[in-house]
Every structure is written in structure tokens, then in C-alpha cells.
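Single-letter residue listing:
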Amino acid sequence: MSSRTTHVPSGRGEPGRRAEEHVRTDRPAQTPPAAPQEVVRVSVPQRSLASEMRAIRIVWRRELSRFRADRMRMVTALVQPLLFLFVLGSGLQGLASAGTHGVSLKTFIYPGILCISVMFTAMFSAASIVWDREFGFLREMMVAPVRRSSIVIGKVLGGATVASFQGVIIICLAGFVHVPYDPLLILGIFGLQLLLAFAITAFGVMIAVRIKQMQSFMGVMQMIVMPMFFISGALFPASGLPGWLTVLNRIDPLTYAVDPMRRLVFNHITISPAARHALDPGVTWWGWHVPALVEAGMIALLGLGMLAIAIWEFSTTE
Amino acid sequence: MTDPVTLSGMTDPPAHPLAIEVRGLVKRYGEIEAVRGVEFAVKTGEVFGFLGPNGAGKTTTINMLCTLVKPTAGSATVAGYDVMRERDDVRRNIGLVFQDPTLDGYLTAEQNLRLHAELYGVQSNLVKPRMRQVLEMIGLWDRKDSVVATFSGGMRRRLEIARGLMHSPRVLFLDEPTIGLDPQTRRSIWTYIRELKEREEITIFMTTHYMDEAEWCDRIAIMDHGQIVALDSPETLKAGVGTDRVTIHTDDDEAAITALAERFGVEAGIVEGAVSFGVPAGEEFVPRLFQDWDPAHPSIRSVSVSRPTLDDVFMSFTGSSIRDAEEDQSKQRNRVMMQVMTGGGRR
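Every chain's residues receive numbers from 1 upward, in the order its sequence appears when written. Chain letters and ligand numbers both follow the written order, the letters beginning at A and the numbers at 1. Residues qualify for local features only when their pLDDT is at least 70, as the model is predicted, and side-chain atom pairs are given and counted only at 80 or more; totals for whole chains, interfaces and linings, by contrast, use all residues.

Undergrad: Which residues make up the overall build of chain A, and what values do they have?
TA: Within chain A, the regular secondary structure consists of 13 helices and two strands. Partly exposed residues are those falling between the two cut-offs: more than 12 but fewer than 20 other C-beta atoms within 10 Å of their own, whereas 20 or more means buried and 12 or fewer means exposed, with C-beta atoms placed from the backbone. Relative to its full complement of 318 residues, chain A shows a buried share of 42%. Look at the contacts in chain A between residues 6 or more apart in sequence, and 84% of them connect residues 24 or more apart. Comment: elements are numbered from the N terminus, with helices defined as DSSP H or I runs of at least four residues and strands as E runs of at least two. Whether two residues are in contact is decided by their C-beta atoms, placed from the backbone, lying within 7 Å.

Undergrad: Which residues make up helix 3 (residues 109-120) of chain B, and what values do they have?
TA: Helix span, expected: 1.5 Å multiplied by one less than the number of residues in the helix. Counted at 1.5 Å a residue, the expected span for helix 3 of chain B with its 12 residues is 16 Å, and the 17 Å between its end C-alpha atoms agrees. In terms of residue burial, helix 3 of chain B counts as a mostly covered element, since 12 of its 12 residues are buried. Where helix 3 of chain B is concerned, the buried positions are B:Ala109, B:Glu110, B:Gln111, B:Asn112, B:Leu113, B:Arg114, B:Leu115, B:His116, B:Ala117, B:Glu118, B:Leu119 and B:Tyr120. On the buried face of helix 3 of chain B, the contacting elements are helix 2 (49-69) and helix 6 (137-142) of chain A together with helix 4 (124-137) and helix 5 (153-165) of chain B. Just downstream of helix 3 of chain B lies B:Gly121, where phi reads positive at about 70°.

Undergrad: Got a sec to walk through the nonpolar core? Specific residues and values, please.
TA: Note on terminology: a nonpolar core is any set of buried Ala, Val, Leu, Ile, Met, Phe, Trp, Tyr and Cys residues joined through C-beta atoms within 7 Å. A:Cys115, A:Leu196 and B:Phe173 are the most contacted members of the largest nonpolar core, which has 167 residues in total. Residue contributions to this core peak at 18 residues, all from helix 5 (residues 105-134) of chain A. Once you skip the residues sitting within four places of it in the chain, A:Leu196 turns out to touch A:Cys115, A:Val118, A:Met119, A:Ala257 and A:Ile299. In terms of nonpolar packing, the next biggest core, distinct from the first, is built from nine residues, B:Ala256, B:Ile257, B:Ala259 and B:Phe277 among them.

Undergrad: Explain the environment of B:Arg219 residue by residue, including any values.
TA: Residues and elements named next belong to chain B. Assignment of secondary structure puts Arg219 in strand 9 (residues 219-224). Taking the C-beta count within 10 Å as the criterion, Arg219 has 18 such neighbours and is therefore assigned partly exposed. Along the primary structure Arg219 and Phe50 are separated by 169 residues, whereas in three dimensions their C-alpha atoms are 8.9 Å apart. If we ignore the near neighbours within four places in the chain, the residues touching Arg219 are Glu46, Phe48, Leu231, Asp232 and Ser233.

Undergrad: How would you sum up the packing of helix 3 of chain B against helix 5 of chain B? Please name residues and give values.
TA: Residue and element names in this part refer to chain B. Between helix 3 and helix 5, whose axes approach to 9 Å, the crossing angle comes to 30°. Taken together, the axes of helix 3 and helix 5 are roughly parallel relative to one another. For the pair helix 3 and helix 5, the crossing hand works out as right-handed. Between helix 3, through Ala109, Asn112, Leu113 and His116, and helix 5, the contact on the second element is made entirely by Leu159, Ala162 and Arg163. Polar here means any residue other than Ala, Val, Leu, Ile, Met, Phe, Trp, Tyr, Cys and Pro, which are nonpolar, and Asp, Glu, Lys and Arg, which are charged; Gly is therefore polar. Partitioning the contact of helix 3 with helix 5 into residue classes produces four nonpolar, two polar and one charged. Note on geometry: axes are lines fitted to C-alpha atoms, helical ones only across the stretch in contact, with angles between N-to-C directions running from 0 to 180 degrees. We call two directions roughly parallel when the angle between them is under 35 degrees, roughly antiparallel when it is over 145, roughly perpendicular when it lies between 65 and 115, and oblique otherwise. Handedness of a helix crossing follows the sense of rotation of the near helix relative to the far helix, less than a right angle counterclockwise being left-handed and clockwise being right-handed.

Undergrad: I'd like to hear about the sheet that holds strand 4 (residues 73-78) of chain B, residue by residue, with values.
TA: Picture the strands of a sheet paired through backbone hydrogen bonds; they go either parallel or antiparallel. Here the rule is simple: two strands pair whenever DSSP picks up at least two bridges between them. Strand order across the open sheet formed by four strands is 2-1-4-5 (chain B), with antiparallel pairing between neighbours. Edge strands, defined here as strands with exactly one partner in the open sheet, are strand 2 (32-43) and strand 5 (81-82) of chain B.

Undergrad: Can you tell me about the interface of chain A and chain B, naming the residues and giving the values?
TA: Contacts between the two partners involve 42 residues from chain A and, on the opposite side, 50 residues from chain B. The leading source of residues in the side of chain A that touches chain B is helix 2 of chain A, at eight residues. Looking at the side of chain A that touches chain B residue by residue, the classes come out as 19 nonpolar, nine polar and 14 charged.

Undergrad: Mind laying out unusual backbone geometry, listing which residues take part and the relevant values?
TA: All names here are of chain B. Its identity as a non-glycine residue notwithstanding, Glu176 has a phi of 50°, on the positive side. Residue classification places Glu176 among the buried positions, given that 23 C-beta atoms sit within 10 Å. Even without being glycine, His225 reaches a positive phi, approximately 50°. With respect to the element layout, His225 can be found in the loop between strand 9 and strand 10 (227-232). Owing to 19 C-beta atoms within 10 Å, His225 belongs among the partly exposed residues under this scheme.

Undergrad: So, the packing of helix 5 of chain A against helix 11 (residues 255-267) of chain A: which residues are in play, and what are the values?
TA: All names here are of chain A. For the pair helix 5 and helix 11, the least separation of the axes is 8 Å and the interaxial angle reads 140°. On the basis of their axis angle, the class for helix 5 and helix 11 is oblique. Here helix 5 and helix 11 pass one another in a crossing that is right-handed. Counted together, Tyr110, Pro111, Gly112, Leu114 and Cys115 of helix 5 and Ala257, Val258, Met261, Arg262 and Val265 of helix 11 form the full contact between these two elements. Residues belonging to the contact of helix 5 with helix 11 are distributed by class as follows: eight nonpolar, one polar and one charged.

Structure below.
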């Protein structure tokens, strides 16, 4: 089981295949060369918790195998965060220096960029449900004697794993934007992005279950992801905004992932109190400063809620 | 036919005499009745063919038997389990090969089978030997590590058959297993199916709209417009037609049909662009035809005589050839599809 290397179609594609096909079809009525062995008869047990766990695990593993096979995706998913972080971050530095109190703009937007790259990967992973439906594979899972919820849970966990892997790559880049590699800081960021990856994948799956075509999903994604990103405060502090934007910002779930992560980063770098006040004002609800733990809890709850909806939806379709 | 035996409640009856039993099965999509009360039984170990033009209701029937679609009325048992009340038990005991591909092209052949085995909960220590067996049977063992995306259509279909067999199902459903494949690959797929039947205790239920393929089945049911119009072994059905088919190409088909009726008392029709009719002894009829053919009649350009085929069986029961029937039904099919796509088919 451990040797699950994925062969990317390479040189031995077309010609080898054709030849092979002919060899087989030219001698149709032959049994395999080996002496007629005993027929291996297996049986399918009744549904049980163990079989559901097995189903969850294999669906989860499939997401990982697919991600590994799709190296292009890993690379392309990195382009956008790198652009934001280094091009936008460096380019706008001069413009922003008046307001950042000596803190690098790159450091400031780093938590937000981490969140958005996790978010994008998570949404793309969720999109695989739409692919599966279009290419028929979903049917193979739907007719299996397992609960629909096992399939959804496996999917969400798989997508979350893939997305947090993307997050880890961004975490590795911390040093380039003056964020120290402090174990506690890294652990905290890792935990937060794991939660976010889970919540966003659940959210994506919830949407994807209802959508039949990839184009529609991409459209919906653009419509939801970009606004969530811009409104969340990934690129600006969440205080002193116009009233309407403050309201939107507080509704945006991504706000509650970016904010504690930024606080964590700022706790581990040396900056002036003025900078702290300006750049990390924290999220307030009617004047109440929302603690980081509550924020993290909200993300987790939202994720669980959306997972429940996704399961319910998936169980009632087709 | 054997008496119906209900075995609900028992766990995996060893040898149920009937692999499939269907009573008054109906499926309605809105106002369209896709399946209109079909009844049949398939014995354990049989290769049973479901035959008919596209849109006759074959896939809908198969989907109901596989618990993918809920019947509007009627009942069915598969491997001794009720398709409505014991869905999971049915699913554990059937293998499915769909009309449309359902493989994961990003994964290797082995990974696809492994995934299937895990989803079905196949005993871990048996996964490897079983996988080897099914892959060797369809001749893809040496390609097990190749990504499915590199496979040809025929290889994919074979792999799907292998996958459907991974969990040793009692009944294997094949929905148009050879559709869209070249004749050579089609033949080899049939070889695998026959081979499979000899090796494993399995019942095979398949649909096809290739008449020539139905000859491979032990028994066939002919379906048209949502109903079964004939059910027997291919030989019996063909013998039942009793006539040979004479096909003539003429300069004026309409006039030729009239002439045939007046002169010879045979009722001819236009089938696939030629005048066609059935007579008891075809070879003997041809000389008579030319002897008595009035020079005033439209001239005959070619004649062919053929022994009854299943296509003739189909024609004798439905009055049209399977291809013509498909053209007729394509409009209706489109309507059904529209209904399904706009949500009318969702339950």
C-alpha cells in the first residue's frame, strides 16, 4: 500500500498503448498465461462504523493522490500569493510607509495573503466534486454501500489537507517578510490556517454539491472569494472604515481568520505601540473587542455548520 | 418460471434461484412514462440481455434495479433483496458498469480498483489477490500502474468491468458495455464476459442496442416504448419469426410495395431506405419474384435474402427496425432528457 507512486503520463503514452491493445484483442479467447488459479472470492460486509471510516479514509487519500499527480496546480496556486506578497507588498511600500509606522507592508499583509492562498486552494479542492459529477466518477461513489456523509467528510478533510499544505508553503516563506520562525508563532499560524482550510473546504463543498457545471462553479467562486478577500481586512486594518464597509467586514468570515493571525504575528515582532494600534486594532462588536479564541471558535463552528449542510444536501440529491 | 421466494431479513442467501425478479415496475418522469409496468425474472447464472432502441427505457430499468432511481410503482428484488427497502444489501451484492465512464482519470488503474475495494469494504488481505485476478482476466495487469487518462476507450471499459467485479458481486449490471467501441474491441469484451461467466458464480444483466450482440445472451428481453414486447432465448425468438427477410432496392419503392401486395400478396415496408418483407422460404421466393415481376413495375436493382436475425424479431414485434425506432424516439428522448435536466427526474 505504501508504494503509491503516481505515474504521470510520459513518453510511453500513445505508441505503447496501441501496441498493447492489439496484442490483447488479437487473441481474445485466452485465459491468462498462469495456470487456472482458484477464483478469489471476496465479500462485502454489512455497513459498520469501521467500513465508514475506511470510506472516509480512501476518499481523503484520493484527494491527496490527485493533488500529488497535479503538480501544475501546486505551482499555479502559488503564483497569486507571491504576486500579492512581493509585488504588491514591495510596490505599495512607499505609498503606505506614512501609515505603517515603520512596519513593512509585506509583514502587514502576510497573514491575509496566507489566508487567501489557503482559501483559493480549499475552494479548488471543493470544486473536484463538480468535476467528479461532470466526469461521472461521483456516481461510482454514490452507488457504493456507504453513507453519503462519509463521502462528504472524506472530501472535506482531503480538501482541507491539501489546502493547509499550500498554507505550509506560505508559512515557510515567513522569513522573507520579516516574520520570525518562532515555534509558537508557527504553530499558532498553522493551527489557524488548518481551521480555515477546513471551514472553507466545507463551504466550497456545500456550494459545489448543488452545482452541475464547472463554469458555473468558477463563476460563483469568483463572485464569493474575491469579495471575501477584499472585505476581510487582509489588505487593510479593520478599524476606521466607512460604516457600510465595517458592517460587511464584520459579516465576512475571513475577517475572523485574518485578525487572530495578524495579532499572533504582531505579538512576535518588535513594533511601536502606535504601529500596533494603527495596524492591529482588532475586531470589535459594538465596542467589544472580540478575543482571538472566540474568533477561532467561530471559524470552527462555521466549518462544522457548513459541513452539516453539505452532508444534508448531498444526501438529498440524485 | 420459479415461484417467487422472499428472503428479506436473511443475510446473503447462498444460492437464490432468481437473481432478479421484477413485478409491474413503472417509472414516470412527470407526464412521461419511461418504463411502463415491466415484469421479468432472471435466473442465477444467466446472461440476460435487455434489448431495444435508445430511449426504450432500458437504462431507467437498470437504474431502478441498481437502486439509483426510485420506481414510481411496482417492486423488484436483486440477489434476493428488495431494491426499495434493502438498498444497502442490494448495493453490496451488485457490480455496476455504467454507460458513461466513471473512472478517475488522474489515478492509476490500481488506485481506481483500490478505491473501489475500500469503498465497498473488501477484506484488506484479499484486495491484492482479487485485484490481480480481475486485472489479469481483462488483460490489464501489466498496466496497473498506468494513469487511466492514458488508456484507450476499450481499455477503460475493460477496467470498469474489472472494477465492477472487484467485490465479487452476485449480479453484474452492464449498461451498454460496448457502446462506442470498435467491432474488434466489442468482440473482445464479449469474450471476457463469457469467460467471466465460466469462472465465477455470477449473473450478468446487460443492456445493448446492438442486435448482433444479443445473440451472446442466454435469454433476452426486447423492450420498446417502456414495455417488454418479447422475452426468450435468441434462438427461440428467431425461430418464432418463421420467415426469411427479403430486401430489394428498386427505382420506385412505393410502386414496388403496391406491386408486391397485388401480385404476391406480401406486405412490404420501407426499412432503412429499402423495400423489405418477410416470406417463409426466401431463396425459393426470389426466382418466383423475377418470373412474375411485370416489366411495367419499377425495375429491381438488387435483392438480398437473410435468415431471421434479432433485428427481424424486433421488427416482428414492434413493426419497425431498431434504427428506425431510434429515430422516432429521439424526439421523445429529448423531451425526457429535458425533464431530467430541469429537475423533473430528481426525487
